[in-house]
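# Report on the structure
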Amino acid sequence: MATATARQRARESPAKVTAALSALGYVLVLGTFAGVIPIYPEIGIGTINLLSDAIAVVNSAATVSLVLGWYWIREGEVRKHRAAMLTAFALILVFLALYLTKVGGGGEKHIDLAAGPVYYAYIAMLAIHIVLSVVSVPVVLYALVLGLTHTPAELRNTSHARVGRIAAAAWILSLVLGVVTYVMLNHVYGWTHVTM
């Protein structure tokens, strides 16, 4: 009964549910960066490197899932689309757990051997990645809430398709840039470990 009630509330007020979930996510991330959420185990550079690699794999898999989901909805394969988008969302939750553990428990790595145009390209890609990550949260959540609370026929009368296109495009670009900057930082140029 409680689940039906929660689903009905989300169906009736998807914007409110989206706002609440977005706020929760932002508080968790900002609290981790500020060091006011002391729930993370202290980790060393070896674990930070391992988590960085795992994050790149998870983000690559999420990108593939999103692209497949986009393809399948264009082909009218609603069930495959739904499965792909839910998989992508689950992978982003895995990413979030890994990333917050890395940052909260050990810190970050900063690029230090790149210079000139390469350095500025890296910084530009990283900035776009971060901005899109932040901005896409409520858009992705809104599309997800609509998708989970409406039937495919009902979704035609909502903004799910329009919002979903924006969410998927921003999300895919953010993930791709995140993986590119990961490769530059971890496998092309050197880095410096910075504790938070």
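Every chain begins its residue count from 1, and numbering advances along the sequence as written. Predicted model: local features are reported for residues with pLDDT of at least 70 only, side-chain atom pairs are reported and counted for 80 or more only, and whole-chain, interface and lining totals are derived from all residues. Excluded from the side-chain calculation are hydrogens and water; included are all heavy atoms of the structure.

### Some remarks on the overall build of the protein
Runs of E in the DSSP output that reach at least two residues are strands. Runs of H or I that reach at least four are helices, and both are numbered from the N terminus. Along its length, the protein carries 7 helices and 2 strands. Moving toward the C terminus, one meets the helices and strands of the protein in the order α-α-α-α-β-α-α-α-β. We compute the radius of gyration from the C-alpha atoms alone; for a globule the expected value is 2.2 Å times N to the 0.38, where N is the number of residues. Against the globule reference of 16 Å for 196 residues, the protein gives a C-alpha radius of gyration of 18 Å, in line with a compact fold. With the C-alpha coordinates of the protein rotated into their principal frame, the extents come out at 55 × 35 × 25 Å. The buried label applies to any residue whose accessible area, calculated with a 1.4 Å probe on protein chains only, is under 20% of its type's maximum; exposed applies above 50%, and partly exposed to all values in between. For the protein, the residues scored as buried account for 37% of the 196 residues in total. Whether two residues are in contact is decided by their heavy atoms: any pair within 4.5 Å suffices. In the protein, the proportion of contacts linking residues at least 24 apart, taken out of those at least 6 apart, comes to 81%. Note on areas: these come from Shrake-Rupley sampling with a 1.4 Å probe, and a residue is covered only by the protein chains present in the view. When the accessible surface of the protein is summed, it comes to about 11,100 Å², and 70% of that surface belongs to carbon and sulfur atoms.

### A look at the pattern of salt bridges
For salt bridges, the criterion is a side-chain nitrogen of Lys or Arg within 4 Å of an Asp or Glu carboxyl oxygen. This structure, assessed with the given rule, holds 1 salt bridge. With a shortest N-O distance of 2.9 Å, Glu-154 and Arg-11 are connected by a salt bridge. A residue pair is termed long-range when its members are at least 10 positions apart, and Glu-154 in helix α6 (residues 152-155) and Arg-11 in helix α1 (residues 2-12) qualify at 143 residues. With a relative accessible area of 28%, Arg-11 lands in the partly exposed category.

### What to know about the packing of helix α3 (residues 45-74) against helix α4 (residues 78-105)
Helix packing geometry: the angle between the two helix axes and the distance between the axes. At a minimum axis distance of 8 Å, the contact between α3 and α4 shows a crossing angle of 160°. When the axis of α3 is compared with that of α4, the two are roughly antiparallel. Helix-helix and strand crossings are classified by hand; for α3 and α4 the assignment is left-handed. In this classification, Asp, Glu, Lys and Arg are treated as charged, Ala, Val, Leu, Ile, Met, Phe, Trp, Tyr, Cys and Pro as nonpolar, and every other residue, Gly included, as polar. A breakdown of the residues in the contact of α3 with α4 according to their chemical character gives 22 nonpolar, 7 polar and 2 charged. A fitted line through C-alpha atoms serves as each axis, taken over the contacting stretch for helices, and the angle formed by two N-to-C directions is quoted from 0 to 180°. If an angle is under 35 degrees, it is roughly parallel; if it is over 145, roughly antiparallel; if it lies from 65 to 115, roughly perpendicular; otherwise it is oblique. Should the near helix be turned anticlockwise from the far one by less than a right angle, the crossing is left-handed, and should it be turned clockwise, the crossing is right-handed.

### Observations concerning the packing of aromatic side chains
In this analysis, rings of Phe, Tyr and Trp, with Trp reduced to its six-membered ring, are considered paired at centre separations within 6.5 Å, and the interplanar angle assigns stacked below 30 degrees, edge-to-face beyond 60, and tilted for intermediate values. Counting across every chain of the model gives 3 aromatic pairs. Note on Tyr-119 and Tyr-120: the rings are 5.5 Å apart at their centroids and 75° apart in plane angle, and the pair reads as edge-to-face. Residue class for Tyr-119 comes out partly exposed when judged on its relative accessible area of 31%. Given the relative accessible area of 58%, Tyr-120 is considered exposed. Each member of the aromatic cluster is reached from another via a ring pair, and the members are Phe-33, Phe-95 and Tyr-99.

### Topic: the packing of helix α5 (residues 116-149) against helix α7 (residues 160-188)
Packing of α5 against α7 leaves a shortest axis separation of 7 Å and a crossing angle of 145°. The two elements α5 and α7 cross, and the hand of that crossing is left-handed. Counted by class, the contact of α5 with α7 contains 21 nonpolar, 9 polar and no charged residues.

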